[in-house]
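# Summary of structural features
Spelled out, the chains give:
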Amino acid sequence: PLEYEVIVNEIKYLLVHASPVRAYNNSKYNNETEFAVWNRWKRGDSIPKEYTMIFGHIPTSFFRAIEPLQIWREGRAIAIDCGCGYFDGRL
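The structure contained in this document is the topic of the report that follows. (Residues numbered from 1 in each chain as written. Predicted model: local features only at pLDDT ≥ 70, side-chain atom pairs only at ≥ 80, totals over all residues. Heavy atoms only, no water.)

### Considering the nonpolar core
With 12 residues, the main nonpolar core is built from Leu14, Val16, Trp41, Ile47, Tyr51, Met53, Phe55, Ile58, Phe63, Trp72, Ala77 and Ala79. Breaking this core down by element, the ones donating at least two residues are β2 (11–16), β3 (52–55) and β5 (77–79). Excluding residues within four positions of it along the chain, Leu14 makes contact with Glu3, Tyr4, Glu5, Pro20, Arg22, Pro48, Tyr51, Thr52, Met53 and Ile54. (Core = buried A, V, L, I, M, F, W, Y, C linked by side-chain atoms within 4.5 Å. Buried < 20%, exposed > 50% of the residue type's maximum accessible area, 1.4 Å probe, protein only. Helix = DSSP H or I, 4+ residues; strand = E, 2+ residues; numbered from the N terminus. Contact = heavy atoms within 4.5 Å.)

### Let's talk about the environment of Trp38
Mapped onto the fold, Trp38 is located in helix α1 (residues 32–38). Spatially, the C-alpha atoms of Trp38 and Ala18 are 6.2 Å apart, while their sequence positions differ by 20 residues. Apart from the residues within four sequence positions on either side, Trp38 is in contact with Ala18, Tyr29 and His57.

### Overview of the sheet that holds β2
A sheet is described by the order of its strands in space; here 5 strands give the open sequence β1-β2-β3-β5-β4, paired in mixed fashion. The sheet terminates laterally at β1 (3–8) and β4 (72–74), the two strands that pair on one side only. Across the sheet, the mean angle from the axis of one strand to that of its neighbour is 20°, orientation sign disregarded. (Pairing = 2+ DSSP bridges. Axes fitted to C-alpha atoms, helices over the stretch in contact; angles between N-to-C directions.)

### Notes on the pattern of salt bridges
Two side chains of opposite charge can pair, provided their charged atoms sit close to one another. This model, assessed by the stated rule, comprises 4 salt bridges. For Glu3, the salt bridge is made with Arg22, and the minimal N-O distance between the two is 2.7 Å. Of this pair, Glu3 sits in strand β1 while Arg22 sits in the loop between β2 and α1, placing them 19 residues apart in sequence. The class for Arg22 is partly exposed, based on a relative accessible area of 40%. Linked by salt bridges that have partners in common, Glu3, Glu5 and Arg22 make up one network. (Salt bridge = Lys/Arg side-chain N within 4 Å of Asp/Glu carboxyl O.)

### A word on the side chain of Thr52
Considering the arrangement of structural elements, one finds Thr52 in strand β3. Here Thr52 falls in the buried class, since its relative accessible area comes to 8%. With residues up to four places along the chain from it excluded, the contact list for Thr52 reads Ile11, Lys12, Tyr13, Leu14, Arg73, Arg76 and Ile78.

### A closer look at the pairing of β1
Pairing of β1 with β2, which is carried by 6 bridges, proceeds in the antiparallel orientation. Bridge pairing links Glu5 to Leu14 in β2. The hairpin formed by β1 and β2 contains 2 residues between the paired strands, and Asn9 there has a positive phi angle of roughly 50°.

### Considerations on the pairing of β2
Pairing of β2 with β3 involves 4 bridges; the strand directions are parallel. By the bridge assignment, Tyr13 is partnered in β3 with Thr52. The β-α-β motif built from β2, the intervening α1 and the parallel element β3 has right-handed crossover chirality. (Right-handed = clockwise from strand over helix to strand, strands pointing away.)

Okay, here's the thing in structure tokens:
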């Protein structure tokens with residue numbers, strides 16, 4: 001699946017690779033799958049209202065300047081790509 005829903009301690013999480021497929025709007029991607037896999041979620045982009053979204057694909061250094069390669073959280077968004085593919089990254 002392109003999205004996976006899970007409930008932990010009564011909190012609903014939406015696990016996605018890069019962006020929630022429900023936010024696809026016929027933008028520069030040819031279809032929902034391309035969007036969900038390649039779109040780089042940005043602050044201010046939509047998150048389905050009932051969820052906290054956990055996503056990767058975008059290294060956390062894009063969201064935090066200090067201690068850039070650590071898990072980042074803001075509001076209902078949690079970024080977990082700590083750059084393990086980079087020289088100074090972490091898994």
